[in-house]
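Given next are the chains, with one letter for each unit.
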Amino acid sequence: MYVLGRFLHGFITAGNIGVIDANGALHGFGAIPRGERPDVIVALHDRSLHWKLAIRPNLYLGEAYMDGLLEITRGSRWDFLELCGRNLAEYHKRRTRECAA
């Protein structure tokens with residue numbers, strides 16, 4: 001989960017998400033108010049997703065969902081997609097600013 005956690009720590013800047021790893025441990029990313037649960041929680045049912053999603057999320061995210069290896073346990077798939085889209089837009093803004101500097 002280390003590689004995926006590092007990726008999500010830098011990627012999730014808008015909203016928050018919880019990831020239940022293949023061992024059943026919940027990890028939170030983004031701004032989660034103390035004592036509250038993340039808005040969206042996904043469970044990973046395959047240990048290989050820990051690195052696959054960090055390396056090539058655009059390839060493995062949809063595949064894992066369709067295969068049942070990634071399950072949305074809190075929030076809807078629309079909540080999950082909205083969170084991903086918002087953070088992807090923020091990521092691109094940050095990258096554009098970094099390249100311009």
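Residues numbered from 1 in each chain as written. Predicted model: local features only at pLDDT ≥ 70, side-chain atom pairs only at ≥ 80, totals over all residues. Heavy atoms only, no water.

1. Concerning the overall build of the protein chain
- When helices and strands are tallied, the protein chain shows four helices and four strands.
- Listing the helices and strands of the protein chain from first to last along the sequence gives α-β-β-β-α-α-β-α.
- Here the protein chain has a C-alpha radius of gyration of 13 Å; the compact-globule value for 101 residues is 13 Å, and the two agree.
- C-alpha atoms of the protein chain, sized along the principal axes, occupy 40 × 30 × 25 Å.
- Taking all 101 residues of the protein chain together, 31% fall into the buried category.
- At a minimum sequence separation of 6, the contacts of the protein chain that also span at least 24 residues come to 54%.
- Of the roughly 6,500 Å² of accessible surface on the protein chain, 55% is carried by carbon and sulfur atoms.
- Where the 13 positive side-chain charges of the protein chain centre and where its 11 negative ones centre are 6 Å apart. (Helix = DSSP H or I, 4+ residues; strand = E, 2+ residues; numbered from the N terminus. Rg over C-alpha atoms; globule rule 2.2 N^0.38 Å. Buried < 20%, exposed > 50% of the residue type's maximum accessible area, 1.4 Å probe, protein only. Contact = heavy atoms within 4.5 Å. Areas by Shrake-Rupley, 256 points an atom, 1.4 Å probe, with all protein chains shown as cover. Lys, Arg positive; Asp, Glu negative; His and termini not counted. Charge placed at Lys NZ, Arg CZ, Asp CG, Glu CD.)

2. Overview of the side chain of Asp21
- Along the chain, Asp21 falls in the loop between strand 1 (16-20) and strand 2 (26-30).
- Notably, Asp21 is buried but unbridged: the nearest opposite-charge side chain belongs to Arg47, and the N-O separation is 6.7 Å.
- Here the side chain of Asp21 touches Asn23 through a polar contact of 2.9 Å, landing on its backbone nitrogen.
- In this structure, Asp21 is in contact with Met1, His27, Leu44 and His50, ignoring residues within four places of it in sequence. (Salt bridge = Lys/Arg side-chain N within 4 Å of Asp/Glu carboxyl O. Polar contact = N/O pair within 3.5 Å; in protein donor to acceptor, adjacent residues only side chain to side chain.)

3. A closer look at helix 4 (residues 77-100)
- With 24 residues, helix 4 extends 34 Å from end C-alpha to end C-alpha; this agrees with the ideal 34 Å at 1.5 Å per step.
- All buried positions along helix 4 are accounted for by Phe80, Leu83, Asn87 and Arg94.
- Along its buried surface, helix 4 packs onto helix 1 (2-11), strand 1, strand 3 (40-44), helix 3 (57-66) and strand 4 (70-74). (Expected span 1.5 Å × (residues − 1).)

4. Some remarks on the packing of aromatic side chains
- According to the stated counting rule, one finds two aromatic pairs in the structure shown.
- Where Phe7 meets Phe11, the ring centres are 5.3 Å apart and the plane angle is 15°; that geometry is what we call stacked. Here Phe11 and Phe7 lie together in helix 1, a separation of four residues that amounts to about one turn.
- Relative to Tyr91, the ring of Phe11 lies with its centre 6.0 Å away and its plane at 55°, an arrangement referred to as tilted. Taken together, the positions of Phe11 in helix 1 and Tyr91 in helix 4 put the pair 80 residues apart, joining distant regions of the chain.
- A relative accessible area of 11% means that Phe11 is categorised as buried.
- Owing to a relative accessible area of 33%, Tyr91 belongs among the partly exposed residues under this scheme. (Phe/Tyr/Trp six-rings, centres within 6.5 Å; stacked < 30°, edge-to-face > 60°.)

5. A word on the confidence of the model for the protein chain
- On average, residues of the protein chain score 92 in pLDDT, and 99% of them reach the 70 mark or higher.
- Mean pLDDT across the elements of the protein chain ranges from a minimum in helix 4, with 87, to a maximum in strand 3, with 98. (pLDDT = per-residue confidence, 0-100.)

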